[in-house]
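A structural walkthrough
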Amino acid sequence: MNAHSLKRPRPFEMDSFGSAVDTSTLEDLHFHRRRPFLVPDHRNHILSRSLHLPRIRTVEALLERGFPYSRKLDAHTACVNALAFSSLEGQFLVSGGDDLDIHFWDLHRESVTPPSFTFRGPRANIFVLKFSANNRFIFSGGADDIVLKFDASSAEKLPESTYRQHEDSIRGIAPHPVQDEVFITGAEDGRLIRHDGRSPSSARIRAQDTIQLTSEVTGVEFHPVMEHIFATSDQSGQVCLRDTRMAFGPLGQRTQEGIVQIYNTKLSRPAIQHLSNPEVSSLVFNRQGTQLSVTMLNYFPTIYNVNDSDPVAVCSAGNLPDGTPIPPGERTYANACTMKHGGFGGPGLDRDTLYLAGSDDFRAYVWALPPPEALAARRKVLSYAEWRAGEHIGVTAFAEHVNGPRCIPVQLDTPRARLAGHHSIVNSVVVHPQMLLAATSGVESRVMLHGAVDSLCGGMKRTPAKVRGLGEPWELDLFEEDDGEDEEDEEASVEEFMERALSIRAQRRTIRMFDGERRSHGHLCRTTVVSLGWTRWPRAGR
């Protein structure tokens, strides 16, 4: 059975709180700015919230503290670039990176460590890991140009299927929100390819299942509810919402490469005449599918309401969580060195109220998100004449054209929390779908679990707030006391000890390299990002 023979359900949409609402087809949305297709209906939400109000208040009170507790997962021997919680209940976590191992962690075990087992098969650095909709499969992709599909329930830990249709590094894998066998991949060869695992494994991908873009693909995500909608990002900074019914199929039946919305990602500064298009490294939907976050190189995570081309909020960090300004000389959020992946979260709640992202200052950041409609009401939109006439010192706006209107989104400049525990750059952050838990990883071999309470995952300790300074020596504290660690680690063989020692030596070189990279950028988090006195302002390519 081919993806083209799948029955197309009647289009439907979601309200602000995730309740299904029938509506007309999305085809008439083409490039209409601010034409809403998310139809709010709050009645079901009000009834549900009233029934669960005590629980919701308890969860909200716990999340107010951020995630102050943590524990370490030590099994990798190099950078960990990709994390993913399993779908639905989130019982499992997978992690992968430069050591080519995919570790599978069972969070319901009394002792989370060591990993339950390890998948093997990647031949180069792993960049992305995803579970299928019902957790039948785990997909991986990376610098070896291939996509691997593993059977998550099988004792066989080698890939079940291998997909070789790309010719460059895999940057995105988007599993279908309902069907385990269907997924879209995006790579630096500029191709978006739709796959259906029910087709014969020897069958070549047909042209009607491929979109060839003019720029490297950096991210692809299916909408979590509307199964024919997906979002893409590319190196030129373009972020699009697409419809599979218009994007794939015979060329004569395609329309605008499936694009139903183009998001405004060009930046404007008063003192600079041209616009800038930062490279987009990743994107992600919230659980309800009402918002989309875009991670841009040398800028902040930017939040969009899905049906609106202009952003509603920017997650910056000019203040400490208590609201006081960042002290002089102290580093804060920055994204200048590595590919970052953030995530929405609201475990235990009926909607996602948080956004989390990793940073070059060795921390992860947690922002509280006001309701989407409140953010849209608070942002400013100025005509070009108003923009030119006013004094907007230090303000960065979004503009589709040099002489067009300027959108100034809400600045969420006070994060709710800053998560420590890492000794180098944090690249990936994922939030558990149900537990008050987040996982982080980056330019070191350690995965960190962060909890809102200390009883999760076999027990956690309060995380020290201090992080390593640039140039300070680094050592992996494998032998410090850590409740819940498996006692077998204490009986490691000499061979395992020597392997770990070599790994630590390699990590030390990597961390020194990235320390030098951060210094060469002149602490972008302070002089370049917070004040936005850009030293590099690349012109928009479109």
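Rules and cut-offs
Each chain carries its own residue numbering, running from 1 in the direction its sequence is written. Only residues with pLDDT of 70 or above have their local features reported here, since the model is predicted, and side-chain atom pairs are shown and tallied only from 80 upward, although totals for entire chains, interfaces and linings are computed over all residues. Hydrogens and water molecules were not included; the side-chain quantities draw on all heavy atoms of the structure. Labels follow the DSSP assignment, with helices taken as runs of H or I lasting at least four residues and strands as runs of E lasting at least two, numbered in each case from the N terminus. Each residue is placed in one exposure class: buried if its accessible area under a 1.4 Å probe, protein chains only, is under 20% of its type's maximum, exposed if it is over 50%, and partly exposed if it falls in between. In these tables, accessible area is a Shrake-Rupley quantity obtained with a 1.4 Å probe, and a residue counts as shielded only by the protein chains included in the view. Buried residues of nine kinds, namely Ala, Val, Leu, Ile, Met, Phe, Trp, Tyr and Cys, make up a nonpolar core once their side-chain atoms join them within 4.5 Å. Note on aromatic pairs: the rings of Phe, Tyr and Trp (six-membered ring only in Trp) are paired at centre separations within 6.5 Å, and the planes decide the class, stacked below 30 degrees, edge-to-face beyond 60, tilted for the rest. In this analysis, two residues are considered to be in contact whenever any of their non-hydrogen atoms come within 4.5 Å of each other. Here a polar contact is recorded for every N or O atom pair within 3.5 Å, except that within protein the pair must consist of a potential hydrogen donor and a potential acceptor, and residues adjacent in sequence are included only if both atoms are side-chain atoms. Pairing between two strands requires that DSSP report at least two bridges joining them. Just to be clear on terms, a salt bridge is a Lys or Arg side-chain nitrogen sitting within 4 Å of an Asp or Glu carboxyl oxygen.

Per an unreviewed UniProt entry, the protein chain is named WD40 repeat-like protein, and its organism is Favolaschia claudopus.

**Points about the overall build of the protein chain**
A tally of regular secondary structure across the protein chain gives seven helices and 36 strands. Counting across all 542 residues of the protein chain, residues that qualify as buried make up 58%. Surface exposure of the protein chain reaches about 22,300 Å², of which carbon and sulfur atoms provide 52%.

**Looking at unusual backbone geometry**
The amide bond that connects Thr113 to the next residue, Pro114, takes the cis arrangement and shows omega of -5°. With a phi close to 65°, Leu88 is a non-glycine residue in the positive phi region. With respect to the element layout, Leu88 can be found in the loop between strand S4 (80-85) and strand S5 (92-97). One non-glycine residue, Leu100, adopts positive backbone phi at about 75°. Within the secondary structure layout, Leu100 lies in the loop between S5 and strand S6 (102-106).

**A word on the nonpolar core**
Counting residues in each nonpolar core, the largest one holds 38 residues, and the members touching the most others are Leu241, Leu292, Ile303, Tyr355, Trp367, Phe398 and Leu412. Counting residues in each nonpolar core, the second largest holds 20 residues, with Tyr69, Val80, Leu107 and Leu437 among its members.

**Details of the packing of aromatic side chains**
Counting across every chain of the model gives 18 aromatic pairs. Centroid distance Phe92 to Phe104: 4.6 Å. Interplanar angle 35°. Geometry classified as tilted. Of this pair, Phe92 sits in strand S5 while Phe104 sits in strand S6, placing them twelve residues apart in sequence. You can call Phe92 partly exposed: its relative accessible area is 21%. Their ring planes at 65° and their centres at 5.4 Å tell us that Tyr263 and Tyr304 sit as a pair that is edge-to-face. One end of the pair, Tyr263, is in strand S19 (residues 259-263); the other, Tyr304, is in strand S23 (residues 302-305), with 41 residues separating them in the sequence.

**Concerning the environment of Arg55**
When you line up the elements, Arg55 lands in helix H2 (residues 53-63). The sequence separation of Arg55 and Leu349 amounts to 294 residues, and the corresponding C-alpha distance is 8.7 Å. Those residues in contact with Arg55 that sit more than four places away from it in its chain are Gly348 and Leu349.

**Observations concerning the environment of Ser236**
With respect to the helices and strands, Ser236 occurs in the loop between strand S17 (229-234) and strand S18 (239-243). Separated by 29 residues in the primary sequence, Ser236 and Thr265 place their C-alpha atoms 10.0 Å from one another. A polar contact is formed between the side chain of Ser236 and the side chain of Asp234, at a distance of 2.5 Å.

**Let's talk about the pairing of strand S3 (residues 69-74)**
Burial runs high along S3: six of the six residues are buried. Side chains Tyr69, Arg71 and Leu73 project from S3 onto one buried face, and the interleaved Ser70, Lys72 and Asp74 project onto a second face that is buried too. Sheet topology places S3 next to strand S35 (residues 444-451); six bridges connect them, and they run antiparallel. Within S35, the residue paired with Lys72 across the bridge is Met448. Pairing geometry for S3 and strand S36 (residues 461-462), over two bridges, is antiparallel. Bridging from a neighbouring strand, Ser70 pairs with Lys461 of S36.

**Considering the pattern of salt bridges**
Counted by the stated rule, this structure contains 19 salt bridges. In this structure, the salt-bridge partner of Arg446 is Asp74, at a minimum N-O distance of 2.9 Å. Taken together, the residues Arg446 in strand S35 and Asp74 in strand S3 connect sequence positions 372 residues apart. The class for Arg446 is buried, based on a relative accessible area of 0%. With a closest N to O distance of 2.8 Å, Asp352 and Arg287 form a salt bridge. Placement of the pair is Asp352 in the loop between strand S25 (343-345) and strand S26 (354-358) and Arg287 in the loop between strand S21 (280-285) and strand S22 (291-296), with a sequence separation of 65 residues. Using a relative accessible area of 6% as the deciding quantity, one classes Asp352 as buried.

**What to know about the pairing of strand S10 (residues 147-151)**
The element S10 is largely enclosed, with a buried count of four among its five residues. Across five bridges, strand S9 (residues 137-142) lies against S10 in antiparallel orientation. The partner of Ser140 across the bridge, within S10, is Leu148. Turn length for the S9-S10 hairpin, with the two strands adjacent in sequence and antiparallel, is four residues, and the turn residue Asp145 shows positive phi of about 70°. Note: S10 against strand S11 (residues 161-163), three bridges, orientation antiparallel. Residue pairing in the sheet places Lys149 in a bridge with Ser161 of S11.

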